[in-house]
Structure formats: structure tokens, C-alpha cells
Amino acid sequence: MFESLSDGLQSAFKSLRGKGKLTEANMRDGLKLVEQSMLEADVSYSVVQSFMEHVTEKAVGRRVLMSLRPGEELVKIVYDELVDILGPVDSSLHLKADGVTVIMMCGLQGSGKTTTCGKLSQLLKEQNIKPLLVAADLQRPAAIEQLRVIGRQLDVPVYAEEGANDPVKVCQAGVKQAQQQGARVVILDTAGRLAIDKELMDQLARIDKRVKPDQVYLVVDGMTGQDAVNSAGAFNEALELDGVVMTKLDGDARGGALLSVKHVTGVPIKFIGTGEHFDALEPFRPEGMTGRILQ
Ligand code: GDP
């Protein structure tokens, strides 16, 4: 457990270990370092505060000070709590046993939404499940072509209507085509914006209400920290989300935004994106992420 921590945290916890017996002041110093580390990992302030309150309460309640190995005990409490908050593990797409399952993908422009549509198609194909992609982003002229290119690369059918102006109708027609073609999953690539705006939210809410997707996933750019949290809050208010995909975790980002996004939305983190290729999608595992956040 200690090995994955940064040098700073390691030596702090080691010095706690060395003491044999902790004082409440030592313990609070240790927790202060955890707090600092989480803030540096881009976990939002309010989330860190409530996390620290919880952990401190548990640490005191579990009599860390009285235990034989108080340093270890303290780290364990922090780890367990993080894993708990980041869970539950649920990367199932909850496909229906019969008929077409509709998955709606939403997120800000540039979050990696369209790429993730391709990644999910690839995942399904690997399981011999036939997907169909729907180009429901009518805002960005290049979006339809981008999805067509992905469809060609992956050999997955794409439903698109050139010059269409009602994404609800496009989605409905896409679902119909999937039924006719015997596809089992429809993935709706909806419009994104550079920032949250009411028009975008109204459009997504309309698709949600009229097309009634079985699963609604929010795609969040893991490199954007606090922005990710703000946008997640807005999407969560407008739509009934079923899961989150956090992209771009192949970079240096510590991934603290995951904790905040989880806190704000309350829905499972389904997958993480770890690259631009279509196979760079991993089921989310809280244990792996915990070490990264607490570096
Ligand atoms: P959209 O506007 O939300 O549909 O975003 P795109 O799917 O077009 O992705 C925006 C950029 O992010 C593209 O250059 C993608 O290749 C890149 N991207 C998407 N997911 C990942 C990821 O997990 N890791 C990395 N490094 N790049 C990604």
C-alpha cells in the first residue's frame, strides 16, 4: 500500500510508523498531508473537506491512536474510504436481453465523446454484439464526417442525415434502422459545446425524453479538473445520468476530478479512456485510481 504513495506521503507515514504510538497531533499532521495531496490531484475543495471530516471521524472512532500500527491503520482508512467513494464497480452496459439497447453519449465538445463512441463500438464488436452509431451532433458540421470515418475504420454502420436539423428525429430514425438491421446496440453521439449552455441542455433533455435511451453516459475530460466538475453538475441536473466515462487519463492528470465528478453525479464511473486508439478504454477500477490520486 505504501509503495504507491509519493515520497512525501511515504516518509510522513513512515515517520508515523516509527513512532510506535501516535498522538492526536501526529495523526492530524498525517491527515493534513493527505488533504494536501488530494488538492494537488485536483479534487475540488468541498469534496476534500467532506472526505477529511469523514476520515478523521473514522480514524478517531477506530482508535488509530491505540492500535499497534497506527501509521498503517491510518493509511488503510484513507485508502478504504477512497475506494468506497469511487465505487461501486459497474462497467456493464446493461444491455437488454431482447431488442435494441440505446446508449446516449453526452459531454462538452472536445471531451472525447465521439472517440468514446468508437471505443464502445469496438468493445461491443469484440463481444460479437452488433452496434450502430447515430450522428446526432448536428451542431458541428464536421461531426457527421468524423463519425463516418470512425464507422469505416471499425466497420460499424453509421446512421446520419445530411442537412437534418432535428436531432430527436435523427435518433429515432437511427433506432429504427438498428431494429431493421438487427443491431443490438445504438450509440447516440450527441452535440457538445465548448461550455455549458441552455440550448445544448434543452436539446439533450429533449432527446432523453423523446428517445428514452436505456443508458445515458457523460464523457468528461480528465485533464480539465475543476471544469469537469462544473460541467458534470450541469449535465447531471439536466439529464438522468447512468454513468461517467473519464477520458485522457493516459496523460499526467492525477485524476482527482474523478472523485469530484463521482461526488457530484453519484453515478458509477464506467470506463476510463487511456489513449486515442479505439482499444484504449478500460473498465474503471477504484483501487488503481486511489494510488494515483494519493501520489
Ligand atoms: P468530442 O468533441 O467530445 O467528440 O471529442 P473527440 O472524440 O473528437 O476527441 C477530442 C480529442 O481528444 C481527439 O483528438 C481525441 O483523439 C482525443 N481523445 C479522446 N479520448 C482520449 C483519451 O482517452 N486519451 C487521449 N490522449 N486523447 C483522447
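Not measured: the values here are computed from a predicted model. (Residues numbered from 1 in each chain as written. Predicted model: local features only at pLDDT ≥ 70, side-chain atom pairs only at ≥ 80, totals over all residues. Heavy atoms only, no water.)

### Here we look at a positive patch on the surface
For the record, the criterion: Think of a patch as exposed residues, more than 30% relative accessible area, with no salt bridge, where like charges cluster within 9 Å and nonpolar side chains (Val, Leu, Ile, Met, Phe, Trp, Tyr) cluster within 5 Å. Each accessible area value is a Shrake-Rupley result obtained with a 1.4 Å probe; residue values ignore everything except the protein chains displayed when judging cover. Salt bridge, as applied in this entry: a Lys or Arg side-chain nitrogen positioned within 4 Å of an Asp or Glu carboxyl oxygen. The convention is simple: Lys and Arg are positive, Asp and Glu are negative, and His and the chain ends are not counted. Working definition for charges: the position is that of NZ of Lys, CZ of Arg, CG of Asp or CD of Glu. Each helix corresponds to a stretch of at least 4 residues labelled H or I by DSSP, and each strand to a stretch of at least 2 residues labelled E; elements are numbered beginning at the N terminus. Exposure is judged per residue with a 1.4 Å probe applied to protein chains only, and the accessible area is read against the type maximum: over 50% gives exposed, under 20% gives buried, and values in between give partly exposed.
Taken together, the side chains of Lys169, Arg206, Lys209, Arg210 and Lys212 define a basic patch exposed on the protein surface. With three residues, the single largest contributor to the positive patch is helix H8 (residues 198-211). Its place among the elements puts Arg210 in helix H8. Relative accessible area serves as the criterion here: at 48%, Arg210 is assigned to the partly exposed category.

### A few points about the environment of Ile207
The test is simple: A contact between two residues is defined here by any heavy atoms of the two lying within 4.5 Å.
Among the secondary structure elements, Ile207 is positioned in helix H8. When its relative accessible area of 0% is taken as the criterion, Ile207 is described as buried. The spacing of Ile207 and Asp221 is 14 residues in sequence and 23 Å in space, taken between C-alpha atoms. Ignoring anything within four residues of it in the chain, the contact list for Ile207 reads Met104, Pro167, Val168, Cys171, Leu188, Thr190, Lys212 and Pro213.

### Considerations on the pattern of salt bridges
If you walk through the whole model with that rule in mind, you get 13 salt bridges. The partner of Glu81 in a salt bridge is Lys58, with the nearest N and O atoms 2.9 Å apart. Here Glu81, found in helix H4 (residues 70-86), pairs with Lys58, found in helix H3 (residues 45-61); they are 23 residues apart in sequence, far enough to count as distant. Given a relative accessible area of 6%, Glu81 falls into the buried group. By sharing partners, the salt bridges in this structure join Arg193, Asp197 and Glu199 into a single network.

### Points about the site of the ligand
Selection rule: The near set for a molecule or strand comprises every residue that places at least one heavy atom within 4 Å of it. We define a polar contact as two N or O atoms separated by no more than 3.5 Å, with the added condition that, inside protein, one atom must be a possible hydrogen donor and the other a possible acceptor, whereas residues neighbouring each other in sequence contribute only through side-chain atom pairs. Gly is placed with the polar residues, together with every amino acid not listed as nonpolar (Ala, Val, Leu, Ile, Met, Phe, Trp, Tyr, Cys and Pro) or charged (Asp, Glu, Lys and Arg).
Taken together, 17 residues are adjacent to the ligand, and Gly110, Thr114, Thr115, Asp250 and Glu276 come closest. One nitrogen or oxygen atom from the main chain of Gly112 is found 3.0 Å from an oxygen atom belonging to the ligand. When the free accessible area of the ligand is taken as 580 Å², the share hidden by the protein chains comes to 79%. It is helix H5 (residues 113-126) that provides the largest number of residues to the shell around the ligand, a total of four residues. In the shell around the ligand, the residues fall into one nonpolar, 11 polar and five charged.

### Some thoughts on H3
The test is simple: In this analysis, the expected span of each helix is defined as 1.5 Å times one less than the number of residues it contains. Directions from the helix axis toward the C-beta atoms define the arc.
The end-to-end C-alpha distance of H3, which contains 17 residues, comes to 24 Å, matching closely the 24 Å that a straight helix rising 1.5 Å per residue would cover. Within H3, burial applies to Val47, Val48, Phe51, Met52, Val55, Thr56 and Ala59. Angular distribution of buried residues about the axis of H3 spans 155°; they occupy a single face of the element. Pointing more than 90 degrees away from the buried face of H3 are the exposed residues Ser46, Glu53, Glu57 and Gly61. Those residues of H3 that are buried are in contact with helix H2 (24-40), H4 and helix H10 (256-265).

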